[in-house]
Amino acid sequence: MTFKPTPATVTPEVSLGDSFITTRVDAVVNWGRRNSLWPFPFGTACCGIEFMGVVSSVFDISRFGAELVRFSPRQADLIIIAGTITYKQAPVLRRIYEQMCEPKWVISAGACATSGGFYDCYCTVPGIDEIIPVDIYIAGCPPRPEAFLEGIVQLQNKIARESMREQKAVGA
Amino acid sequence: MSSIAGAGISHETDVRSWKREPIKPGKSDDQLEAALTERFGLTRDAKDRWNLTLVLAAGKAKAQLHEVVQFLRDSPDLRFDMLLDLASIDYLSYPNHRGPRFAIVYLFKSLVFRHRLKLKVEIDEDDAEVPSIHDLYRIADWTEREVFDQMGIVFSGHPNLKRILNHHEFVGHPLRKDYPCQKRQKLSINDPMVDQLEARLKHYGYQVVESGEVHLGAPIAAKHQSVAEQGPVDDQKKANAHGAVGAGGV
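Here's what I pulled together on the structure shown here. (Residues numbered from 1 in each chain as written. Chains lettered and ligands numbered in written order. Predicted model: local features only at pLDDT ≥ 70, side-chain atom pairs only at ≥ 80, totals over all residues. Heavy atoms only, no water.)

Here we take up the overall build of chain B. Along its length, chain B carries five helices and 10 strands. Once local pairs closer than 6 in sequence are excluded, the contacts in chain B between residues at least 24 apart make up 53%. Of the roughly 14600 Å² of accessible surface on chain B, 50% is carried by carbon and sulfur atoms. (Helix = DSSP H or I, 4+ residues; strand = E, 2+ residues; numbered from the N terminus. Contact = heavy atoms within 4.5 Å. Areas by Shrake-Rupley, 256 points an atom, 1.4 Å probe, with all protein chains shown as cover.)

Two pairing modes exist for strands in a sheet, parallel and antiparallel, and in both the strands are linked by backbone hydrogen bonds. Residue and element names in this part refer to chain A. Read across the open sheet, the four strands follow the order E1-E2-E3-E4; overall the sheet is parallel. A strand with exactly one partner marks an edge of an open sheet, and here the two such strands are strand E1 (39-43) and strand E4 (136-138). Averaged over all neighbouring strand pairs, the angle between strand axes comes to 20 degrees, with direction disregarded. Of the pairings in the sheet, the one linking strand E2 (residues 78-82) to strand E3 (residues 105-109) comprises five bridges and is parallel in character. (Pairing = 2+ DSSP bridges. Axes fitted to C-alpha atoms, helices over the stretch in contact; angles between N-to-C directions.)

For the structure on display, the rule yields 10 aromatic pairs over all chains. Arranged with centres 5.8 Å apart and planes meeting at 50 degrees, the rings of Phe-51 of chain A and Phe-148 of chain A form a pair that is tilted. Within this pair, whereas Phe-51 of chain A is found in helix H3 (residues 46-55), its partner Phe-148 of chain A is found in helix H6 (residues 145-160), the two being separated by 97 residues in sequence. The same class applies to Phe-51 of chain A as to Phe-148 of chain A, namely buried. Among the aromatic residues, ring-to-ring pairing joins Phe-80, Tyr-106, Phe-108 and Tyr-137 of chain B into one connected group. Over the ring of Tyr-97 of chain A we find Lys-104 of chain A; its NZ or CZ atom is 4.2 Å from the centre of that ring. (Phe/Tyr/Trp six-rings, centres within 6.5 Å; stacked < 30°, edge-to-face > 60°. Buried < 20%, exposed > 50% of the residue type's maximum accessible area, 1.4 Å probe, protein only. Lys NZ or Arg CZ within 6 Å of the ring centre and 35° of its normal.)

Glancing now at the side chain of Arg-101 of chain B. Residues and elements named next belong to chain B. Along the chain, the position of Arg-101 falls in the loop between strand E3 (82-90) and strand E4 (102-109). Polar side-chain contacts of Arg-101 include one of 2.9 Å to the side chain of Asp-90. Residue contacts for Arg-101: discarding those within four places in its chain leaves Ile-89, Asp-90, Tyr-91, Leu-92, Ile-123, Glu-125, Arg-176, Lys-177 and Asp-178. (Polar contact = N/O pair within 3.5 Å; in protein donor to acceptor, adjacent residues only side chain to side chain.)

Attention shifts here to helix H3 (residues 140-151) of chain B. Residue and element names in this part refer to chain B. Over its 12 residues, H3 runs 15 Å from end to end, which matches the ideal 16 Å to within 8%, given 1.5 Å per residue. A large share of H3 lies buried, amounting to nine of its 12 residues. When H3 is considered as a whole, its buried residues turn out to be Ala-140, Thr-143, Glu-144, Arg-145, Val-147, Phe-148, Asp-149, Gln-150 and Met-151. Where H3 is buried, its residues meet E3, E4, strand E7 (154-156) and helix H4 (194-203). (Expected span 1.5 Å × (residues − 1).)

We now examine the interface of chain A and chain B. Bring the parts together and some accessible area is lost; that lost area is often taken as the interface size. Every contact between the two is made by 14 residues of chain A and, on the other side, 22 residues of chain B. Carbon and sulfur atoms supply 49% of the area that chain A and chain B bury against each other, a total of about 1400 Å² over both sides. Broken down residue by residue, the surface that chain A buries against chain B is led by Tyr-87, Lys-88 and Tyr-122 of chain A, which jointly contribute 51%. Counting every contact that joins chain A to chain B gives two salt bridges. Residue Glu-130 of chain A pairs with Lys-186 of chain B through a salt bridge whose shortest N-O separation is 3.8 Å. In this structure, the connection of chain A to chain B is made through nine residue pairs in polar contact (both at pLDDT 80 or more). Looking at the side of chain A that touches chain B, its residues break down into seven nonpolar, two polar and five charged. (Buried area = accessible area lost by both parts, 1.4 Å probe. Salt bridge = Lys/Arg side-chain N within 4 Å of Asp/Glu carboxyl O. Nonpolar A, V, L, I, M, F, W, Y, C, P; charged D, E, K, R; others polar.)

Structure (structure tokens):
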């Protein structure tokens with residue numbers, strides 16, 4: 001049996017059929033990143049209780065690929081600040097954020113983490129963006145689980161627009 | 001860090017046998033007033049409601065407060081063996097107030113007689129200092145720290161009078177009426193509270209050999225704190241002093 005070379009008119013892509021697609025690196029990497037978020041819950045108040053409802057089976061955050069809750073910042077790429085942050089806690093939050101590996105994203109869940117809520121006083125941080133950069137703010141006091149899921153989806157859309165070549169903001 | 005509980009700590013020596021006494025009829029407010037006002041020169045607050053409020057005038061607290069509270073606790077007719085709370089008042093913007101700016105209110109209750117008493121101690125602004133009663137009621141340790149933190153009243157004789165709610169870089173006392181309520185103060189670095197940790201370890205019979213800060217997230221080898229075993233100092237602590245504890249681990 002003799003070897004028959006492929007005719008020069010047939011390109012390799014055509015010969016491979018449907019088993020080959022072309023795309024961009026960003027698209028592939030972002031697809032992986034946004035569908036496998038590992039959240040770290042920084043729950044300090046009732047929003048943290050609401051986050052438990054988001055993780056559990058009724059609302060089921062695993063439909064969005066973010067069900068693997070990590071309690072070490074070194075294993076997480078999404079930190080969810082759910083609750084009131086005081087100035088006494090702020091260095092702790094900052095340090096935990098700095099311990100997370102790049103790429104990392106921050107969700108500020110609820111009125112207190114976003115703006116201080118109704119704690120307009122000497123001890124409460126009026127919004128955690130004084131301390132760390134925030135990607136997504138979720139409104140509510142506390143936010144409904146649907147709002148949490150909306151925040152996750154918004155973050156996924158944001159990740160899809162990112163590029164590996166851009167250096168994300170790193171806290172000085 | 002290795003758990004302290006794993007070191008064979010026995011609390012038996014600290015716990016006294018306690019049996020509930022039957023509740024006895026207590027004294028009425030008038031009887032309490034009669035028993036206390038003349039003895040210590042107290043006056044009854046004209047505006048008191050629900051419970052008797054006795055006032056210790058400003059200037060008398062330094063000499064008399066500890067004596068009064070000890071009498072309330074130890075007198076067999078009174079036996080106020082529970083300090084329910086300890087609160088401070090700033091009368092700066094209080095309408096129609098005459099008298100010293102500050103006051104501390106001690107809330108006492110007797111578990112046997114079920115009678116209650118409020119003791120209000122007036123405090124001048126220039127001399128905001130009262131004796132501590134932490135040796136009579138252990139709960140006064142933390143409540144006095146809270147009053148010191150929020151209101152700036154000094155408790156002389158307190159073993160560890162430092163801030164308890166606000167952070168250690170905070171300047172001023174936020175519950176004073178002349179503190180601007182929304183003035184925020186940032187904290188740059190946390191108080192590692194090594195002194196508290198060491199005190200607790202010493203309480204359990206350990207000796208702190210090398211002291212240092214416990215840094216979360218920092219390399220452990222660089223900032224290592226080792227707490228080694230102390231030889232048994234007496235028979236009671238002999239059971240407590242087992243192996244060494246490294247407190248630097250995270």
